[in-house]
Amino acid sequence: MTNVLLNPGPANTTLNVKLAQVVEDICPREREFGVTMEEVSNGLVEFVQGGVNKKAVLFGGSGTLAVESALSSIVGANDKLAIITNGAYGKRMEEIAKAHSLNFVVFQSSFLEPLDFDDVADFLQKEQPNFIAIIHSETTSGLLNDLHTLSKIAKNIDAKIIADCMSSYACYPLNLDEVDFIIASSNKNIQAIAGVSFVIANEDNILKASHSKSLYLNLKAQYEYFKAHFQMRFTPPVQTIYALKTAIDELRAEGLNMRFERYKANNTLLREGLKSLGFEIFPKRSFGVIITAITLPNNMSFESLHTHCKNHGYTIYPGKIDGLNMFRIANIGAITQNEIRGFLEVLRNFEK
């Protein structure tokens, strides 16, 4: 029985992506593997609009590693960072900022309601940060934060935007004329294998990002080493890179717009089905097509529901908002409406 992953990454992958990992053993310092990594880097950039001489900087590690690299490398000792938090991953940015002793302030907003951009603008005007960090698609709830509106506010105060796009890259159009740094990973909408994360930005912004006190996380050093040697500074996840290359080819074939439409169809069917079964779903406004948060009725145990769904081939995900009894469903990866219909049927047959 195929296990359908309805967690927000790692997502289901195609057989071709899985098989791409079965390759001849190769030393990652060989030139031909460097060519493969260069192809991957260039491929990742294809799905980002705008910018001037834009580049992708690859790391071996989860998405959080790339976020930590970006924040610690971009924000200098004399800079001020504003973090817009409306979910657990904004909170994680705060943890990173604290760990690296960055000078930062926080705009705290609801985890389930859209941002009030008048309040955001007033806050940023008062604080005058050099950089603004935000989660584009908040994996906590599915809220979609409007980067276009934030970009206008940021330009008025001459601030640069660092955007965590883990749950939006390879689905939504992203533009380096609106944000300055885009951070994502291999295991979500790109539909590859977990283990590679990356930062996409104009080269001139990357070359200024040298403030990290970490040897591994220095964004500028990672980029310059690859540019000179076609290698990561430290051992890369070799097989994962091959899988990512195949996933990029698959996204090219499907097309960014069509991937969005497939996810949208999945999400629409999911939300309508959940409502018909009596579940209350969030967000109710400003939601994307990736993730849905669902309130568990008082008499329903997540653990029992999880076991029931898993026994029937579907993996669901716990909620991440303190004090709220919720679970989450992501409709990303190599799945279609058939899998969503199957899940809704399994949910319908659950005995509380």
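Residues numbered from 1 in each chain as written. Predicted model: local features only at pLDDT ≥ 70, side-chain atom pairs only at ≥ 80, totals over all residues. Heavy atoms only, no water.

A. Here's a closer look at the side chain of Ser109. On the secondary structure map, Ser109 appears in the loop between strand 5 (104–108) and helix 5 (117–127). Judged by its relative accessible area of 14%, Ser109 is buried. Ignoring sequence-local partners within four residues, the contact set of Ser109 consists of Thr85, Asn86, Pro114 and Leu115. (Helix = DSSP H or I, 4+ residues; strand = E, 2+ residues; numbered from the N terminus. Buried < 20%, exposed > 50% of the residue type's maximum accessible area, 1.4 Å probe, protein only. Contact = heavy atoms within 4.5 Å.)

B. Structural context of the domain arrangement of the protein chain. The domains assigned to the protein chain are domain 1 (4–8 + 256–349) and domain 2 (15–253). Placing a centre on the C-alpha atoms of domain 1 and another on those of domain 2 gives a separation of 26 Å. Taken together, the contact between domain 1 and domain 2 spans 24 residues of the former and 27 residues of the latter. Counting each side, the surface lost to burial between domain 1 and domain 2 is near 2,200 Å², with a carbon and sulfur contribution of 60%. (Domains from an automatic or database assignment. Buried area = accessible area lost by both parts, 1.4 Å probe.)

C. Expanded view of helix 3 (residues 63–74). The end-to-end C-alpha distance of helix 3 is 16 Å, a good match for the 16 Å that 12 residues give at a rise of 1.5 Å each. Taken as a whole, helix 3 has its buried residues at Gly63, Leu65, Ala66, Val67, Ser69, Ala70, Leu71, Ser72, Ser73 and Ile74. (Expected span 1.5 Å × (residues − 1).)

D. How the structure looks around helix 6 (residues 147–156). Every buried residue belonging to helix 6 is among Leu147, Leu150, Ser151, Ile153 and Ala154, and all of these are buried. Projected onto a plane normal to the axis of helix 6, the buried residues spread over an arc of 165 degrees and lie on a single side. Structural note: helix 6 exposes Lys152, Lys155 and Asn156 on the side pointing more than 90 degrees away from its buried face. Where the residues of helix 6 are buried, they touch strand 4 (81–85), helix 5, strand 6 (131–135), strand 7 (160–164) and strand 8 (174–175). The backbone nitrogen of His148 has a side-chain oxygen 3.0 Å away, supplied by the residue at the start of helix 6, namely Asp146. (Arc of directions from axis to C-beta. Polar contact = N/O pair within 3.5 Å; in protein donor to acceptor, adjacent residues only side chain to side chain.)

E. Highlighting the packing of helix 9 (residues 238–254) against helix 10 (residues 256–276). Across the interface, helix 9 lies against helix 10 with an axial gap of 6 Å and an inter-helix angle of 85 degrees. Of the possible angle classes, the one that applies to helix 9 and helix 10 is roughly perpendicular. Every residue of helix 10 that contacts helix 9 at Glu250, Leu251 and Glu254 is listed here: Leu256, Met258, Arg259 and Arg262. Partitioning the contact of helix 9 with helix 10 into residue classes produces three nonpolar, no polar and four charged. (Axes fitted to C-alpha atoms, helices over the stretch in contact; angles between N-to-C directions. Parallel < 35°, antiparallel > 145°, perpendicular 65-115°, else oblique. Nonpolar A, V, L, I, M, F, W, Y, C, P; charged D, E, K, R; others polar.)

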